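Overview (structure and organization)
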Amino acid sequence: MKIQIRLLLSPILLWLILFHSNGLCDTRVHRGGNVRMNIADYGYIGNLGQGREGAMGDPENDDEWAPQCEFPAESGSQYLYQGGLWIGALVLMENQEVPRVSVALDGWIRGIRELYADFDSEIIERSNIRGATDYLDRETYSPDAVATQEFLSEFADTLTDPDYVSEDPVDGEHMPLGISVKQKSLVWDDRELVDFIIIEWEVENISDQHLKNLYLGLFIDGDVGATDERNGYTDDLSGLAKWRYFENQDGEIDSVRINLSYIADNDGRPLVVNQGNDFTAPGVSGIMMLDSPNPELETSFNWWVSNGDASLDYGPNWQDDGAHDYWTDDYGTPMGDVRKYFLMSNRELDYDMVYSNDPDYIREHPQEFRDRWDEERIIESHDWRNPRDDERTPEDLIERVCTGSDAKFLQSWGPLGVFDHIDENGMRIYRLNPGESFTLTVAYVCAEGFHDPNLPQGNREGTIDPNKFDFTDLWRNAATAQAAFDEYLSVDNSPIPLLPEFIMLSPNYPNPFNSSTIVIYSATNEGIVSLSIIDNMGRVARSWEEQVNKPGVFSFAIDGSGLTAGNYYLQAIQNGSRNYAKLILLR
């Protein structure tokens with residue numbers, strides 16, 4: 001199926017270049033810090049290559065080519081080709097739940113753009129510095145600004161006019177979710193805060209139906225290299241820095257989870273240079289989430305290599321990922337809403353590209369989910385499909401991927417919205433009802449010294465040594481970005497109570513149970529928590545109270561003796577806020 005689609009698309013890819021929407025958007029370039037990044041008003045970042053037809057101009061620089069993600073500023077080193085927002089959810093169509101995904105950028109099919117600002121709108125620029133002006137000499141100081149330079153825009157996925165919104169080759173015409181997005185990006189000129197950009201999205205459901213299990217993601221296509229390097233896209237590496245390591249107050253090495261997805265050149269050198277330390281892109285860039293409204297939120301990180309020849313299309317996957325038609329066993333590129341939503345919600349944290357040709361590493365590092373209250377207890381474990389053990393994966397493809405290729409990745413977060421219920425499979429279901437919204441904030445972090453000139457990689461034809469990668473500056477800048485968010489932006493401005501005063505943090509365990517089960521909950525206020533076990537007829541089978549002396553996370557055991565087998569609901573009420581969890585008692 002996918003091979004047929006790609007063969008049909010090959011001529012389309014040759015002429016769909018004209019639709020990059022340069023005349024259908026407003027753009028600005030962040031210059032307040034050490035990262036020069038082009039930002040558009042529809043969830044798009046980056047730019048086409050310099051000299052490419054349809055590339056965006058910089059309005060502040062006589063419409064000269066706008067830098068994609070230049071770091072350090074004025075260095076000529078670009079750490080991004082283009083990136084875009086993806087928003088996906090389950091909606092009800094003809095009594096069936098189907099996934100829909102709206103994108104600022106498809107990432108493979110040129111011209112697929114489904115997010116638009118009003119055509120007569122423009123990006124609002126503001127600053128916390130008195131006397132600051134924009135490129136038209138308009139004053140930008142605002143008492144509401146917290147950063148040196150802020151860009152604000154608003155866009156939606158509701159435009160369906162085929163003159164602007166191209167048909168998806170898999171799904172056909174665009175089917176909107178009915179969402180509106182307020183985007184804010186911020187940079188600072190403080191010397192300690194210049195190596196990152198913070199981006200905040202406030203997503204509102206403006207449709208007339210609820211959106212189930214909504215996910216938000218940022219797609220990134222790196223193409224790291226010098227501005228004038230035409231083949232920089234062929235030797236990128238992507239991966240996930242799961243932890244930030246640092247020295248604590250006792251002088252010991254400590255760590256904190258950050259899940260920062262990154263992309264870098266494989267060796268820091270131009271493609272034509274195979275050895276030495278003649279670096280043109282020695283740094284690294286990546287994205288990390290700073291804040292979300294859902295304490296149960298899952299992060300997914302998926303990378304892949306796209307190719308017009310479908311047999312050379314590749315991406316990692318769990319052996320038991322359950323993908324529709326088993327498409328992930330053969331391909332990496334997510335074409336169409338079903339596959340896009342699958343990647344957004346699959347919970348995979350792919351192993352780093354550099355290990356693609358290391359079957360022992362892949363075999364010895366399954367993805368494990370551990371009990372948050374007992375790190376020693378593994379709840380789930382998923383083995384990776386090992387490309388060396390799979391005859392369908394060409395050997396020379398894996399050899400190329402592990403030393404650098406045309407890497408693309410998606411980092412996504414969800415489910416987002418308000419907790420609704422726990423389904424029959426024990427999964428927590430979230431809904432974003434009409435008129436409700438949430439806010440999610442990320443940092444785009446850049447760092448120097450990923451490639452050490454004193455310890456350069458060997459010949460590109462050999463193996464890239466990941467032990468030579470230096471994450472020190474990336475860890476430092478990630479910590480600084482989090483600190484900047486905590487100081488300037490960590491305020492609950494959500495128009496609905498996405499974090500109510502009482503939240504069940506996780507389903508009871510075990511469930512089903514036949515004697516006792518453990519319930520874990522959090523209370524954000526002091527006071528009495530009233531708990532009740534309710535049967536299917538709505539009758540209270542048992543009730544009691546818990547005293548909360550200070551906010552925190554608590555647990556208690558439910559003894560099933562005295563109850564008949566069946567389905568029950570645990571109701572928790574505190575200060576007028578209530579929540580439910582489903583209990584299944586067996587005998």
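Bear in mind that the values here come from a model prediction, so they are computed numbers and not experimental data.

Looking at the overall build of the protein
The helix and strand tally for the protein stands at five helices and 32 strands. Relative to its length of 587 residues, the protein is compact, with a C-alpha radius of gyration of 25 Å against a globular reference of 25 Å. Expressed as lengths along the three principal axes of its C-alpha atoms, the size of the protein is roughly 75 × 60 × 60 Å. Burial status across the protein gives 55% buried among its 587 residues. Here the contacts in the protein between residues at least 6 apart in sequence split such that 69% fall between residues at least 24 apart. For the protein, the accessible surface area stands at approximately 25,700 Å², while carbon and sulfur atoms represent 46% of it. Charge-centre separation for the protein: the mean point of 44 positive side chains lies 4 Å from the mean point of 102 negative side chains.

Overview of unusual backbone geometry
Leave glycine aside and you will find that most residues have negative phi; peptide bonds, for their part, are mostly trans. Note that the residue after F71, namely P72, is joined by a cis bond; omega there is -15°. Following the sequence through the fold, P72 ends up in the loop between β6 (69–70) and β7 (77–78). The amide bond that connects G414 to the next residue, P415, takes the cis arrangement and shows omega of -5°. Assignment of secondary structure puts P415 in strand β22 (residues 407–416). Backbone geometry at E74 places phi at a positive 70°, although glycine is not the residue there. With respect to the helices and strands, E74 occurs in the loop between β6 and β7.

Examining the sheet that holds strand β18 (residues 284–291)
Strand order in this open sheet of eight strands is β10-β11-β12-β13-β25-β18-β17-β16, and the pairing throughout is antiparallel. Across the chains shown, the open sheet's two edge strands, defined by having one partner strand only, are β10 (124–126) and β16 (236–247). This sheet shows a mean twist of 25° between the axes of neighbouring strands, independent of strand direction. Sheet strands in contact with helix α5 (residues 472–488) are β13 (196–205), β16, β17 (253–265), β18 and β25 (437–447), and its direction is about 145° off that of β25.

A look at the pattern of salt bridges
Enumeration according to the criterion identifies 20 salt bridges in this entry. Between D58 and R31 there is a salt bridge; the shortest N-O distance is 2.5 Å. Of the two residues, D58 sits in strand β4 (residues 57–58) while R31 sits in the loop between β1 (27–30) and β2 (36–40), which places them 27 residues apart along the sequence. Of the residues examined, D58 reaches a relative accessible area of 1% and is grouped as buried. Linked by salt bridges that have partners in common, D26, R28, E122, D134 and R138 make up one network.

Considering α5
Taking 1.5 Å of rise per residue, the 17 residues of α5 would be expected to cover 24 Å, and the 24 Å separating its terminal C-alpha atoms lies within 8% of that figure. Where α5 is buried, its residues touch β13, β17, β18 and β25.

Here's the deal with the pairing of strand β9 (residues 96–103)
Where strand β8 (residues 82–93) and β9 come together, eight bridges link them in antiparallel fashion. The residue of β9 that forms the bridge with L92 is E97. Here β8 folds back onto β9, and the loop between the two strands holds two residues, one of which, E94, carries a positive phi near 50°.

Some details on helix α2 (residues 337–345)
Burial runs high along α2: seven of the nine residues are buried. Inspection of α2 places D337, R339, K340, Y341, F342, L343 and M344 among the buried residues, and these make up the whole buried set. The first or second residue beyond α2 is R347, which carries a positive phi of 70°.

Here's the deal with the nonpolar core
Ranked by size, the top nonpolar core spans 116 residues in total, and within it I198 and W201 carry the most contacts. Among the elements that take part in this core, β25 stands out by supplying eight residues, more than any other. In this view, W201 contacts L85, V181, K182, Q183, L216, L218, F438, T439, L440 and V442; residues no more than four positions away in its chain are not counted. Of all hydrophobic cores here, the second largest spans 16 residues; its members include V529, F556, I558 and L563.

Focus on the packing of aromatic side chains
Counted according to the given criterion, the structure contains 24 aromatic pairs. A ring pair is formed by Y42 and Y44, whose centres lie 5.6 Å apart and whose planes are at 20°; its orientation type is stacked. By relative accessible area, Y42 is classed as buried at 2%. On the accessibility criterion, Y44 (1% relative accessible area) is buried. An angle of 80° between the planes, with centres 6.3 Å apart, marks the rings of W303 and Y351 as edge-to-face. With W303 in strand β19 (residues 298–305) and Y351 in the loop between α2 and α3 (359–364), the pair connects residues that are 48 residues apart, well separated along the chain. These aromatic residues form a ring-pair network of at least three members: Y245, Y262, F450, F469, F471 and W475. Just above the ring of Y116 sits the side chain of R113; from NZ or CZ to the centre is 3.8 Å.

Let's talk about the confidence of the model for the protein
For the protein, per-residue confidence averages 86 on the pLDDT scale, and residues scoring 70 or more make up 91% of the total. Within the model, pLDDT remains below 50 along residues 1–22, and this stretch shows 44 contacts once partners closer than five positions in the same chain are excluded. Every residue in residues 492–503 is under pLDDT 50, and counting partners more than four places away or in other chains gives 33 contacts.

Structural notes on a nonpolar patch on the surface
Together, W243, Y245 and I253 make up an exposed nonpolar region whose accessible area comes to about 330 Å². Look at Y245 and you get partly exposed, because its relative accessible area is 40%.

The rules behind these values
Residues numbered from 1 in each chain as written. Predicted model: local features only at pLDDT ≥ 70, side-chain atom pairs only at ≥ 80, totals over all residues. Heavy atoms only, no water. Helix = DSSP H or I, 4+ residues; strand = E, 2+ residues; numbered from the N terminus. Rg over C-alpha atoms; globule rule 2.2 N^0.38 Å. Buried < 20%, exposed > 50% of the residue type's maximum accessible area, 1.4 Å probe, protein only. Contact = heavy atoms within 4.5 Å. Areas by Shrake-Rupley, 256 points an atom, 1.4 Å probe, with all protein chains shown as cover. Lys, Arg positive; Asp, Glu negative; His and termini not counted. Charge placed at Lys NZ, Arg CZ, Asp CG, Glu CD. Pairing = 2+ DSSP bridges. Axes fitted to C-alpha atoms, helices over the stretch in contact; angles between N-to-C directions. Salt bridge = Lys/Arg side-chain N within 4 Å of Asp/Glu carboxyl O. Expected span 1.5 Å × (residues − 1). Core = buried A, V, L, I, M, F, W, Y, C linked by side-chain atoms within 4.5 Å. Phe/Tyr/Trp six-rings, centres within 6.5 Å; stacked < 30°, edge-to-face > 60°. Lys NZ or Arg CZ within 6 Å of the ring centre and 35° of its normal. pLDDT = per-residue confidence, 0-100. Patch = residues over 30% accessible without salt bridge, like charges linked within 9 Å, V, L, I, M, F, W, Y side chains within 5 Å.

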